[in-house]
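What the coordinates show
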Amino acid sequence: MVSTRDFDSRPSAFPEPVVVASSLISCPFRPPTEEFLAFGPQPCPVRVHRQRPGLTLAHTVFSAAVEPGEPFRWPGPSFAQAGMILRGRIDFHLPHHGRVSVQAGQWFVAALGEEQIGIGCEAAGEVELLWLDCTADVWASFTREPDPAGPPPKPSAVVRPQGDSLLLTAEAPSALQHLARELAANTGQTLGERLRLEARSLELLALLLEERRRHEATATPSCDRSVDAEALDAAARFLEENLSEDHSLRALSRTVHLNEFKLKQGFRQRFNTTVFGYLRQRRMEHARRLLTEHTITVLDAANRVGYTNPSHFARAFREAFGLNPRQIVRHASRPARPLEAH
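Residues numbered from 1 in each chain as written. Predicted model: local features only at pLDDT ≥ 70, side-chain atom pairs only at ≥ 80, totals over all residues. Heavy atoms only, no water.

Some remarks on the packing of aromatic side chains
To keep it simple, the criterion reads: Classification of ring pairs uses Phe, Tyr and Trp, with its six-membered ring standing for Trp, and accepts pairs whose centres are within 6.5 Å; under 30 degrees between planes counts as stacked, over 60 as edge-to-face, and the remaining range as tilted. Under the scheme used here, helices are H or I runs from DSSP no shorter than 4 residues and strands are E runs no shorter than 2 residues, and both carry numbers assigned from the N terminus. Buried residues are those whose accessible area, probed at 1.4 Å on protein chains only, stays under 20% of the maximum for their type, while exposed residues exceed 50% and partly exposed ones sit between those limits.
One pass over the full model with this rule turns up five aromatic pairs. Centre to centre, the rings of Phe 271 and Tyr 278 are 4.8 Å apart; their planes meet at 45 degrees, and the pair counts as tilted. A centroid spacing of 5.8 Å and a plane angle of 50 degrees characterise the contact between Phe 313 and Phe 317, whose relative ring orientation is tilted. Of this pair, Phe 313 and Phe 317 both sit in helix α10 (residues 310-321), four residues apart, which is roughly one turn of that helix. Neither Phe 313 nor Phe 317 differs from the other in exposure class; each is buried. One aromatic cluster is present, formed by Phe 267, Phe 271 and Tyr 278 through successive ring pairs.

Have a look at this one:
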């Protein structure tokens, strides 16, 4: 997501040390810089730490859309990114794979191709994103594995086919989440912080590559795109259009003519969450729109998205956005007219 031209134009990330005093040498690790990328209608500040030619660590916090669900274009270009979503959720709309969701607590490995600036996305809530950005040569060197038959080495499956796009994602183990948060909090203002950024970001990349290999080794075959994927999209639309209703796997599978096993497996593959996890996300997003855009009580908003117990609704809302629904109401600029009745 940071241009590869920035890497190639740099003469060297490791100049020869210059002796300043008997116990001091100049630091080759420069402080991070602030740049801007368009995660939505307005450019967003991104903290960028260029470590060596072809490898950059970046961190940003943004609210991409003017209104929830408004699409934006994935900024770029670069060959590949590997990182973590620390808050919020991003839905990628890939040309050959449909919608792929990456949410808080999940890692991702993305090689979206030269056309990636045309990749459509949607963001849910405030998004905090930490990633390592790689040029093609550096990415190939990290993902190249020994061939048991002997040299030369062969590229691993994560290096995308020519002209195609690839996005892998899964739940991150606690060690990976802790490391990502540590890097996000490191501003790199001192020599010690910059040295830790260099070492710990390489550790982050190593963990991400290990997770990617584990993911590939355990992944089940994808659903048939022509039939099953259409049924999964229909199931998602049905849930979104009936947020206040009670749902069951059996009833939903009958509605979209897809057996329960494929329905459960397909939702995990396609949306990176369970059927009811997806329903909960959409309910919370709709409830947040109701509370911020209309004169409506918290109890009424809860009822409109299928919650009869206010405490259960409040807990789900806090888990989704980190705030109580009443806090959203206090800070919202809502119109004077109430929302129309059901």
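Okay, back to it.
As for helix α6 (residues 249-256)
The criterion, for reference: Starting at the helix axis, one direction is taken to each C-beta atom, and the arc is that of these directions. Contacts are assigned to residue pairs with any non-hydrogen atoms lying within 4.5 Å of each other.
Among all positions of α6, only Leu 249, Leu 252, Ser 253 and Val 256 are buried. Projected onto a plane normal to the axis of α6, the buried residues spread over an arc of 100 degrees and lie on a single side. Away from its buried face by more than 90 degrees, α6 exposes Arg 250 and Arg 254. For α6, the elements touching its buried residues are α5 (228-241), α7 (260-271) and α8 (275-293). A positive phi of about 60 degrees marks His 257, the residue just after α6.

Looking at the packing of α6 against α7
The condition is simple: Comment: axis = line fitted to C-alpha atoms, over the contacting stretch for helices; angle = value between 0 and 180 degrees taken between N-to-C directions. Orientation is classified from the angle alone, with under 35 degrees giving roughly parallel, over 145 giving roughly antiparallel, 65 to 115 giving roughly perpendicular, and any other angle giving oblique. We call Asp, Glu, Lys and Arg charged. Ala, Val, Leu, Ile, Met, Phe, Trp, Tyr, Cys and Pro are nonpolar, and the rest, Gly among them, are polar.
It is the contact of α6 with α7, at a shortest axis distance of 9 Å, that shows an interaxial angle of 95 degrees. In this view, α6 runs roughly perpendicular relative to α7, as classed from their interaxial angle. Where α6 abuts α7, its residues Leu 249, Arg 250, Leu 252 and Ser 253 lie against Glu 260, Leu 263 and Lys 264. A per-class count over the contact of α6 with α7 returns three nonpolar, one polar and three charged.

Observations regarding the nonpolar core
Selection criterion: For this analysis, a nonpolar core means a set of buried residues of the types Ala, Val, Leu, Ile, Met, Phe, Trp, Tyr and Cys, connected via side-chain atoms within 4.5 Å.
Counting residues in each nonpolar core, the largest one holds 29 residues, and the members touching the most others are Met 84, Trp 107, Leu 130, Trp 139, Leu 176, Leu 183 and Leu 204. For this core, the secondary-structure elements that each account for two or more residues are β5 (55-62), β7 (80-94), β9 (106-111), β10 (120-134), α2 (136-143), β13 (166-171), α3 (174-185) and α4 (191-218). Excluding anything up to four places from it in sequence, Leu 130 contacts Leu 57, Ala 58, His 59, Gly 83, Met 84, Leu 86, Phe 108, Ala 180, Leu 183, Ala 184 and Leu 204. Of all hydrophobic cores here, the second largest spans 23 residues; its members include Phe 39, Leu 94, Val 100 and Leu 129.

A word on the pattern of salt bridges
What counts, and what does not: Salt bridge, as used here: a side-chain nitrogen of Lys or Arg that lies within 4 Å of a carboxyl oxygen of Asp or Glu.
This model, assessed by the stated rule, comprises 12 salt bridges. Glu 285 serves as the salt-bridge partner of Arg 282, at 3.3 Å between the closest nitrogen and oxygen. Note that Arg 282 and Glu 285 are positioned in helix α8 at a spacing of three residues, about one turn of the helix. Like Glu 285, Arg 282 is buried. Ionic contacts of the salt-bridge type, sharing partners, join the residues Arg 89, Asp 91, Glu 240, Arg 282 and Glu 285 into one network.

Focus: the pairing of β7
Every other side chain in a regular strand lies on the same face of the sheet, so the side chains alternate between the two faces. Rules: When DSSP finds two or more bridges between two strands, those strands count as paired.
Within β7, 12 of the 15 residues are buried, which leaves it mostly tucked inside the rest of the structure. Relative to β10, β7 runs antiparallel, the two being bridged by 12 bridges. Paired with His 93 across the two strands is Gly 120, which belongs to β10. Bridge count for β7 against β9 is five bridges, and the pairing is antiparallel.

Some remarks on the pairing of β13
Taking burial as the measure, the six residues of β13 include five buried ones, the bulk of the element. Bridge count for β9 against β13 is six bridges, and the pairing is antiparallel. Bridge pairing in β13 links Gln 106 to Glu 171.

Remarks on α5
Note the threshold: An expected span of 1.5 Å times one less than the residue number is assigned to each helix.
Taking 1.5 Å per residue, 14 residues should reach 20 Å; α5 reaches 20 Å between its end C-alpha atoms and fits that length. Turning to α5, its buried residues number three or more, namely Asp 228, Ala 229, Ala 231, Leu 232, Ala 235, Ala 236 and Leu 239. The buried residues of α5 all sit within an arc of 160 degrees when viewed along its axis, so they share a single face. Those residues of α5 that are exposed and angled more than 90 degrees off the buried face are Glu 230 and Glu 241.

Notes on the side chain of Arg 282
To be explicit about the condition: In protein, a polar contact means a hydrogen-donor-capable atom and an acceptor-capable atom, both N or O and within 3.5 Å, with residues adjacent in sequence counting only if both atoms are side-chain atoms; elsewhere, any N or O pair within 3.5 Å suffices.
Assessed through its relative accessible area of 9%, Arg 282 is described here as buried. A polar contact is formed between the side chain of Arg 282 and the side chain of Glu 240, at a distance of 3.2 Å. With residues up to four places along the chain from it excluded, the contact list for Arg 282 reads Arg 89, Asp 91, Arg 99, Glu 240 and Leu 243.

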